[in-house]
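# Report on the structure
Okay, here's what each chain looks like letter by letter:
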Amino acid sequence: MQSNLLSKLHVGIIMDGNGRWAQARGLSRGRGHEAGVETVQQVVEAAVDQGIGTLSLYAFSSDNWRRPSAEVALLMRLLSRYLRSEVAKLVENGVRLKVIGRRDRLPGGMAAEITRAETATASGTKLDLRIAIDYSGRDAILQAASRISCPDDLTRDGFARLITGELEARDVDLLIRTSGEQRLSDFMLWECAYAELYFTDCLWPDFGPAQLQAALQEFSRRDRRFGALVASTAA
Ligand code: FPP
């Protein structure tokens, strides 16, 4: 894809299959999540190299609190460690990090770590990286609805700004889900209204730069009409 198109692209990824990857190797689910973090590091670097504008990663859904407490605790530790240990590399690579989702239920100190990482990376201009933690797309819409002050004046763009907290909210162009599952699982429901969906059987720890490239190639072959007709069929 042309680099000027990639720089406007918003890619979302539902990272799935860490548990099955570990199980297939006789390892603990925790080892699968650790391998998943390594994939995150590679894919973020690949996104920078490819010139993608925005990358949104679904790391922990609001429904993931229902997992066993030991697994939840491990995921929170891995996320905390990532926020602490990756900042220097993110800054070096020109990545601006933003964490989306609720912060009030996160373990002690994590909200402050998030703020520190966001502040340290705020001047990054190459890639906008969003990591969704304690995130629910439906809750994001509900919260935005509760903030509407003049319903009659509301536009789609205005509502998108309320949902995302961004001045220039970007829709997701390409949504990737790994591990063969084919559902949205409450991820960026508003932003995915016209997302091209790309499902791959590849388990998240096996995903990497080559698989990202394959997804982008498939995306470039899609015919995006946004409800209109292709030019050649229009009367
Ligand atoms: C889904 O696999 C994965 C998760 C719920 C967690 C995703 C987290 C990471 C990749 C690591 C931390 C992320 C960052 C951004 C540092 P699963 O456990 O549901 O796998 P399964 O469906 O095979 O059981």
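Residues numbered from 1 in each chain as written. Predicted model: local features only at pLDDT ≥ 70, side-chain atom pairs only at ≥ 80, totals over all residues. Heavy atoms only, no water.

Of all residues adjacent to the ligand, which total 19 residues, the nearest are Gly19, Arg20, Arg29, His33 and Arg67. Arg67 is positioned with one of its side-chain polar atoms (N or O) 2.8 Å from an oxygen atom of the ligand. Protein chains shield 92% of the accessible area of the ligand, which is 620 Å² for the free molecule. Of all the elements in the fold, those that place two or more residues in the shell around the ligand are helix H2 (18-24), helix H3 (29-50) and helix H4 (69-85). Among the residues making up the shell around the ligand, the classes are represented as nine nonpolar, six polar and four charged. (Near = heavy atom within 4 Å. Polar contact = N/O pair within 3.5 Å; in protein donor to acceptor, adjacent residues only side chain to side chain. Areas by Shrake-Rupley, 256 points an atom, 1.4 Å probe, with all protein chains shown as cover. Helix = DSSP H or I, 4+ residues; strand = E, 2+ residues; numbered from the N terminus. Nonpolar A, V, L, I, M, F, W, Y, C, P; charged D, E, K, R; others polar.)

To continue, consider the packing of H3 against helix H9 (residues 209-221). Their axes nearest at 9 Å, the elements H3 and H9 cross at an angle of 50°. By the angle between their directions, the pair H3 and H9 is classed as oblique. Relative to H9, H3 is oriented so that their crossing is right-handed. Between H3 and H9, the residues in contact are Gln42, Val43, Ala46, Ala47 and Gln50 and Pro209, Leu212, Gln213 and Leu216, respectively. Here the contact of H3 with H9 is built from residues that sort into six nonpolar, three polar and no charged. (Axes fitted to C-alpha atoms, helices over the stretch in contact; angles between N-to-C directions. Parallel < 35°, antiparallel > 145°, perpendicular 65-115°, else oblique. Left-handed = near helix turned anticlockwise from the far one by under 90°. Contact = heavy atoms within 4.5 Å.)

With that out of the way, let us pick up empty space enclosed by the protein. Using the criterion set out here, one finds one cavity of 30 Å³ or more in the structure. Within this model, the largest cavity holds a volume of roughly 40 Å³. Lining of the largest cavity is provided by Gln41, Val44, Glu45, Tyr82, Glu86, Lys89, Leu90 and Asn93. Counting residues per element, the ones that place at least two in the lining of the largest cavity are H3 and helix H5 (87-92). Its residues assigned to classes, the lining of the largest cavity comprises three nonpolar, two polar and three charged. (1 Å grid on protein atoms, 1.4 Å probe; cavity = no way out; pocket = protein on both sides within 12 Å on 5 of 7 lines; lining within 4 Å. Points joined across faces, edges and corners; volume = space filled by probe spheres on them.)

As a further point, take the layout of surface pockets. Computed from the structure, the largest pocket encloses a volume of approximately 740 Å³. Around the largest pocket, the lining is made up of 32 residues, and of these Met15, Tyr58, Ala59, Asn64 and Arg67 lie nearest the centre. Of all the elements in the fold, those that place two or more residues in the lining of the largest pocket are H2, H3, strand E2 (54-61) and H4. By residue class, the composition of the lining of the largest pocket is 14 nonpolar, eight polar and ten charged.

Along the chain, Ser136 falls in the loop between strand E4 (127-135) and helix H7 (137-146). Assessed through its relative accessible area of 7%, Ser136 is described here as buried. Among the polar contacts made by the side chain of Ser136, one reaches the side chain of Asp186 at a distance of 2.7 Å. With near-sequence residues (within four places) excluded, Ser136 lies in contact with Ser62 and Asp186. (Buried < 20%, exposed > 50% of the residue type's maximum accessible area, 1.4 Å probe, protein only.)

Within the structure shown, the criterion is met by seven aromatic pairs. Ring geometry for Tyr58 versus Phe187: centroids 4.4 Å apart, planes at 20°, classification stacked. Of this pair, Tyr58 sits in strand E2 while Phe187 sits in the loop between strand E5 (174-177) and strand E6 (196-199), and the two are 129 residues apart along the sequence. By relative accessible area, Phe187 is classed as buried at 0%. Look at Phe60 and Trp65: their rings are 4.9 Å apart centre to centre, the planes differ by 70°, and that puts the pair in the edge-to-face class. You can call Phe60 buried: its relative accessible area is 0%. Aromatic rings pair up to connect Tyr58, Tyr135 and Phe187 into one cluster. (Phe/Tyr/Trp six-rings, centres within 6.5 Å; stacked < 30°, edge-to-face > 60°.)

What follows is about the pattern of salt bridges. Following the criterion strictly, the structure yields 23 salt bridges and no others. For the salt bridge of Arg183 with Glu181, the shortest nitrogen-to-oxygen distance reads 3.2 Å. Using a relative accessible area of 45% as the deciding quantity, one classes Arg183 as partly exposed. Notably, a salt bridge pairs Glu196 with Arg224, separated by 3.7 Å at the nearest N-O pair. Taken together, the residues span a long stretch of sequence, with Glu196 in strand E6 and Arg224 in the segment after H9 at a distance of 28 residues. Overall, the relative accessible area of 23% leaves Arg224 in the partly exposed class. Linked through salt bridges whose partners overlap, the residues forming this network are Asp173, Glu196, Glu218, Arg221, Arg222 and Arg224. (Salt bridge = Lys/Arg side-chain N within 4 Å of Asp/Glu carboxyl O.)

Remember, this is a structural readout, not a statement about activity or role.
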